[in-house]
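Below, each chain spelled out in residue letters.
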Amino acid sequence: MATLPEQTITQRIYAAWERRAGDGFRPHLGASIIGDDCERAAWLSFRWATLENKGGRMLRLLDRGQREEAVIVADLKRIGVDVREVDATGNQYRVEAHNGHFGGSMDGVGHRLPEMGRDWFLLEFKTSNDKNFKKLVKDGVRKAKPEHYAQMQVYMKLGGLTKALYVVVNKNDDTLYTEVVELDEAHADYQISKARDVIVAMEPPPRLHLDPTWYRCKHLCKHHGVCHSVAVPVPTCRSCTWGSPMLDGHHQGWQCMRNSHSPVLLDLQQQKHGCEQHLYAKGIITWAENIGITQSGGVTYKRNDNGGVFVNGTEKGAWSSIELYKGCGAAGVPEIEQLKEGVGVRVLNYEEVSDPA
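Residues numbered from 1 in each chain as written. Predicted model: local features only at pLDDT ≥ 70, side-chain atom pairs only at ≥ 80, totals over all residues. Heavy atoms only, no water.

> Please explain the packing of helix α3 (residues 39-46) against helix α8 (residues 185-200) as it appears in this structure.
A pair of packed helices is characterised by two quantities: the angle between their axes and the separation of those axes. Interaxial distance between α3 and α8 falls to 9 Å at its minimum, and their mutual angle equals 55°. Classified by the angle their axes make, α3 and α8 are oblique. In this structure, α3 crosses over α8, and the sense of that crossing is right-handed. Contact with α3, carried on its side by Glu39, Ala42, Trp43 and Phe46, involves Lys194, Val198 and Ile199 of α8 and no other residues of that element. Here the residues of the contact of α3 with α8 sort into five nonpolar, no polar and two charged. (Axes fitted to C-alpha atoms, helices over the stretch in contact; angles between N-to-C directions. Helix = DSSP H or I, 4+ residues; strand = E, 2+ residues; numbered from the N terminus. Parallel < 35°, antiparallel > 145°, perpendicular 65-115°, else oblique. Left-handed = near helix turned anticlockwise from the far one by under 90°. Contact = heavy atoms within 4.5 Å. Nonpolar A, V, L, I, M, F, W, Y, C, P; charged D, E, K, R; others polar.)

Okay, here's the thing in structure tokens:
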């Protein structure tokens, strides 16, 4: 048997998936996450606090869920359902609210299924591991998967539909679970209103749980490092104190309010790149307390662990947001005072900041 190189074939495949993966920064707050009861996690996602780092195996697993949709569609057509996956323009059916800052894409709509009546209905497809599948069969979607239930309610309300067909595939043995979900307008309105609260909030909502070792925080949330530990958020316009979403005017518009008399409209790439004037939004750095503003406009912080004081800003002796992100991300907060000289020239480019190397 030939000896494989140090990096195995499997590792190379995973690495190829990782290279093609994006940063995970959606321009909008997704209906697929608003049903989670942690509004702080939704806010951190909307504010692009954490770069996605799923790994090649997980990326393949997520892609499998996408590939499964075609199989489910074929199954539904076999039993006579009229399935439409795209609208008249050839695009996925989308719904949105709050000037486009909230919404999502439907898997499709269907017609001609006796259990659903005469009207068109929402189609929502998922895959599941065996443990979660059994819980779903036992308890139903509202109890077992509240985030999926909320997603469907939002889609139905904003899409003008009254019923949804929820189809889930057990990845272990290909068993199917189907459930008819009726529109609950009060539930949908609550989720849509909650989304607005998340979008307009200028600082993070309270934590769902104060214990950083709680399993949902530690193992199921990508923002654990930023929320509970010493990680520093990615310094984009959305994590900046000056960045603000627009609820009217430009669709999905964001603006820089550093000069409140003359706000600057920011396109998507500008939001990702940020600038050297970036200052972290209040409350987004959790390992130090915001204790005031300097005469030059920097933000003074007092560390929670040892009482040390530092400034986030551009003035002499201060830490720029890029320096905080690069320095603390590499060596951890305890070494922050010693890192100043080692950081070197400021990097004011999003691509370089997000480069895993």
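> I keep staring at the sheet that holds strand β4 (residues 102-105) and nothing clicks. Help me out?
Within a sheet, neighbouring strands are paired by backbone hydrogen bonds and run either parallel or antiparallel to one another. The strand order β1-β4-β3 describes an open sheet built from three strands, whose pairing is mixed. Because the sheet does not close on itself, it has two edges, and the strands there are β1 (29-30) and β3 (94-97). Two strands pair when backbone bridges link them, and β1 and β4 are joined in this way by two bridges, in the parallel orientation. Bridging across to β4, Leu29 finds its partner in Phe102. Contacts from helix α7 (residues 146-159) reach β3 and β4, with the element oriented near 90° to β3. (Pairing = 2+ DSSP bridges.)

> What is the right way to look at the sheet that holds strand β11 (residues 264-266) in this model?
Read across the open sheet, the three strands follow the order β9-β10-β11; overall the sheet is antiparallel. Looking at strand neighbours, the two that pair on one side only are β9 (243-245) and β11, the edges of this open sheet. Across the sheet, the axes of successive neighbouring strands diverge by a mean angle of 35°, strand direction being ignored. As paired elements, β9 and strand β10 (residues 254-256) share three bridges and run antiparallel to each other. The residue bridging Pro245 from the neighbouring strand is Trp254, located in β10.

> It is not clear to me how the pattern of salt bridges should be interpreted in this structure. Could you clarify?
Once the charged atoms of two side chains with opposite charge are near each other, the side chains can pair. Counted under the stated rule, the structure contains 14 salt bridges. One salt bridge in this structure joins Asp63 and Arg67, with 2.6 Å as the shortest N-O distance. Of this pair, Asp63 and Arg67 both sit in helix α4 (residues 56-78), four residues apart, which is roughly one turn of that helix. Classification of Arg67 by relative accessible area gives partly exposed; the value is 46%. (Salt bridge = Lys/Arg side-chain N within 4 Å of Asp/Glu carboxyl O. Buried < 20%, exposed > 50% of the residue type's maximum accessible area, 1.4 Å probe, protein only.)

> I keep staring at α4 and nothing clicks. Help me out?
Residue pairs three or four apart in sequence face the same way in an α-helix, which turns once every 3.6 residues. With 23 residues, α4 should reach 33 Å at 1.5 Å per residue; the first-to-last C-alpha distance of 34 Å fits that figure. Among all positions in α4, only Gly56, Leu59, Gly65, Glu68, Glu69, Ile72, Val73 and Leu76 are buried. Buried residues along α4 sit in contact with α1 (9-20), β2 (82-84), β6 (121-128) and β7 (163-170). Taken from the residues just after α4, Gly80 is the one with a positive phi, measuring 95°. (Expected span 1.5 Å × (residues − 1).)

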